[in-house]
Amino acid sequence: PYVAVVKDGAGIGRTTLHPAKSSVIGTMQYLLPKGNVLPEYLCYVVKYMHLEKYFTGATIPHIYFKNYKNEEFYLSTLEEQNQIINVLETCENILEMRKKELKTVITFETTTQAIGMESACKKHQIAGRLIPVPKEITAGCGMAWMTPLENEESVVQFMSEYEITPQGVFQVEI
């Protein structure tokens, strides 16, 4: 495996890990770890080096290995590197799972209406689920229907066709 760094253009400085014998495109440079450095460890080290201080060029930004090749970092034992990799992977996974996305949240005056919406959506296979009303919204009852943002228009049309009256339709980061 090797570590690739985008050296030109919009993704400049982005660092990724790649399997052995995979291709490197012209806008990337690659780093081959030596025996005392795990590829995953090197990838994390380079990701957090703040390479932006080495960016050059106004129209198309560039970064050159010659400018950051002497950047120092702590080289721990292979066992410690594995432990660090495991901790960082766990942290990244937790952060990824906690990313908030903009969702459509539909509120109702009564719980009966909210449950009716859930029933109708299940019957017609419309994506979504009942959730507690987010704290950013005030609603008549404590339940709301949440659906992916891209479904908002079709869900609003569905409610109109089936005479389901919402209290409000909101876009909320959840």
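Located above this text is the structure these notes cover.
The rules behind the values
- Residues numbered from 1 in each chain as written.
- Predicted model: local features only at pLDDT ≥ 70, side-chain atom pairs only at ≥ 80, totals over all residues.
- Heavy atoms only, no water.
- Helix = DSSP H or I, 4+ residues; strand = E, 2+ residues; numbered from the N terminus.
- Buried < 20%, exposed > 50% of the residue type's maximum accessible area, 1.4 Å probe, protein only.
- Contact = heavy atoms within 4.5 Å.
- Pairing = 2+ DSSP bridges.
- Axes fitted to C-alpha atoms, helices over the stretch in contact; angles between N-to-C directions.
- Polar contact = N/O pair within 3.5 Å; in protein donor to acceptor, adjacent residues only side chain to side chain.
- Phe/Tyr/Trp six-rings, centres within 6.5 Å; stacked < 30°, edge-to-face > 60°.

Asks: How would you sum up the environment of Val133? Please name residues and give values.
Replies: The residue Val133 is located in the loop between strand S5 (129–132) and strand S6 (143–148) in this model. Under the relative-accessibility criterion, Val133 is labelled buried at 18%. In this structure the C-alpha to C-alpha distance between Val133 and Ile106, which are 27 residues apart in sequence, comes to 8.9 Å. Ignoring sequence-local partners within four residues, the contact set of Val133 consists of Thr107, Ala139, Cys141, Gly142, Met143 and Ala144.

Asks: Break down the environment of Val3 for me, citing the residues and quoting the values.
Replies: If you trace the backbone, Val3 turns up in strand S1 (residues 2–6). Overall, Val3 belongs to the buried group, its relative accessible area being 0%. C-alpha separation for the pair Val3 and Leu17, spaced 14 residues apart in sequence, amounts to 4.6 Å. Not counting residues within four places of it along the chain, the set of residues in contact with Val3 comprises Thr15, Thr16, Leu17, Gln29, Tyr30, Leu31, Pro39, Leu42 and Cys43.

Asks: Summarise the sheet that holds strand S7 (residues 168–173); cite the residues concerned and give the values.
Replies: Read from one edge of the open sheet, 4 strands run S5-S6-S4-S7, paired in antiparallel fashion. The open sheet has two free edges, formed respectively by S5 and S7, since each of these has just one partner strand. Going across the sheet, the axis of each strand differs from the next one's by a mean of 40 degrees, ignoring polarity. Sheet analysis places strand S4 (residues 102–107) next to S6, joined by 5 bridges and oriented antiparallel. When the sheet's bridge partners are listed, Val105 is paired in S6 with Met146. Where helix H4 (residues 111–123) meets the sheet, its contacts fall on S4, S5 and S6, and the angle it forms with S6 comes to roughly 30 degrees. Taken strand by strand, helix H5 (residues 152–161) contacts S4, S6 and S7, and its axis lies near 160 degrees from that of S7.

Asks: Just give me the short version of the side chain of Thr104, but keep the residues and values in it.
Replies: For Thr104, the location among the structural elements is in strand S4. A relative accessible area of 0% places Thr104 in the buried class. A distance of 2.9 Å separates a polar atom in the side chain of Thr104 from a polar atom in the side chain of Glu152. In this structure, Thr104 is in contact with Trp145, Met146, Thr147, Pro148, Leu149, Glu152, Val169 and Phe170, ignoring residues within four places of it in sequence.

Asks: Describe the packing of aromatic side chains, naming the residues involved and giving the relevant values.
Replies: Working definition: an aromatic ring pair is given by the centre-to-centre distance plus the angle between the planes. Evaluated as defined, the whole model comprises 4 aromatic pairs. Ring centres of Tyr54 and Tyr68 lie 6.4 Å apart, and the angle between their planes is 40 degrees; on these two criteria the pair is classed as tilted. With a gap of 14 residues between them, Tyr54 in the loop between helix H1 (39–47) and helix H2 (65–68) and Tyr68 in helix H2 connect regions that are remote in the sequence. Arranged with centres 4.7 Å apart and planes meeting at 40 degrees, the rings of Phe158 and Tyr162 form a pair that is tilted. The exposure class assigned to Tyr162 is partly exposed, which follows from its relative accessible area of 44%. Following the ring pairs from residue to residue traces out a cluster consisting of Tyr54, Phe65 and Tyr68.

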